[in-house]
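# Working through the structure, step by step
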Amino acid sequence: MSILNELLEYQKVDGELRKIEQEIAASEERKKYVQAKKFIENAREKLEAQDQRAVELKAQRDSLFARCEEAAKAIDEYSDLEEMLAGGGDISFYKKNAHSLSEKLRSIRKEFTTVITQMNVLTDEYKKLKEQTIAMQKQFKEYSDRFKELKSTRADEVNGISKKMDAISKKIPPETLEKYHQKRKERIFPILSPLKKGRCMCGMDLSLALQGKLAGGNVIECEHCRRFIYNPD
């Protein structure tokens, strides 16, 4: 057998392994497992963001309380307003200050209402996310075990196929096998493409010079899809 024939045989057996991998990947066990895993990972980030937002809202609330206290102190200064006016105080000045304090309190009240509303919304979101996270943690545990069990039921098949591939791989140059495995990781399949009408299966045209390099069972890499191209004739 030439290296080409060995590669084709290797790919054929690898196709059997890939079929099992696809069946496992499409299983309900894996889908539920992956769904729960991704949710939990994202939930951590969301919970951290909510904690940070809670700190920010608390700081805003405390600042509003401080501003209220300042306004209250300013109002206390007018507790003896009658005496101040009797002493010759300017009533227009006091009216202006009273109006300013009234506007300040109105602004604080509006901001305070907004902050409280945001805190209530954040609390509800936190509770909902916490409940969902607890449910997903249970799902993760359940389907993690189921997914492992599913893979174990196919373990003998996978091991048998792997042994066949190991036997074939010994007849393939290491550097070629390494390239094959790299393409496999990149989810390129099939990895070997027959030359048809001067083209790779991806549609890439090969010059006559490149086609000439396929003589004798040699293979070349497609510049477009990076598959191994061979001449089946």
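These lines cover the structure that appears in this document, whether it is placed above or below. (Residues numbered from 1 in each chain as written. Predicted model: local features only at pLDDT ≥ 70, side-chain atom pairs only at ≥ 80, totals over all residues. Heavy atoms only, no water.)

Let us look at the packing of aromatic side chains. Any two aromatic rings considered together are summarised by their centre-to-centre distance and by the angle between their planes. Evaluated as defined, the whole model comprises four aromatic pairs. Three or more aromatic residues joined by ring pairs form one cluster here, namely Y33, F140 and F147. The aromatic ring of F228 is capped on one face by K183, whose charged end is 5.0 Å from the ring centroid. (Phe/Tyr/Trp six-rings, centres within 6.5 Å; stacked < 30°, edge-to-face > 60°. Lys NZ or Arg CZ within 6 Å of the ring centre and 35° of its normal.)

Next up on the list: the side chain of S144. Its location among the elements puts S144 in helix α4 (residues 91-153). When near neighbours in sequence (up to four residues on either side) are disregarded, S144 contacts Y33 and Q139. (Helix = DSSP H or I, 4+ residues; strand = E, 2+ residues; numbered from the N terminus. Contact = heavy atoms within 4.5 Å.)

Below, the discussion takes up the nonpolar core. If you look at the biggest cluster of nonpolar residues, it comprises 22 residues, and the most contacted ones within it are Y10, I161, M165, I172, Y180, I191 and L192. Contributing elements (two or more residues each) for this core: α1 (3-25), α4, α5 (155-169), α6 (174-185) and β3 (228-230). With seven residues, the top contributor of residues to this core is α1. Dropping the residues within four chain positions of it, I191 is found in contact with Q11, Y180, K183, R184, R227 and F228. Core analysis: the next-biggest nonpolar cluster, separate from the first, contains eight residues, L195, C200, L206 and L214 among them. (Core = buried A, V, L, I, M, F, W, Y, C linked by side-chain atoms within 4.5 Å. Buried < 20%, exposed > 50% of the residue type's maximum accessible area, 1.4 Å probe, protein only.)

Next up on the list: α5. The end-to-end C-alpha distance of α5 is 20 Å, a good match for the 21 Å that 15 residues give at a rise of 1.5 Å each. Within the sequence span of α5, burial applies to I161, M165, I168 and S169. Buried residues of α5, seen end-on, are gathered within an arc of 95° and therefore sit on one face of the element. Exposed residues on α5 whose side chains face more than 90 degrees from its buried face are D156 and K163. On its buried face, α5 is in contact with α1 and α6. (Expected span 1.5 Å × (residues − 1). Arc of directions from axis to C-beta.)

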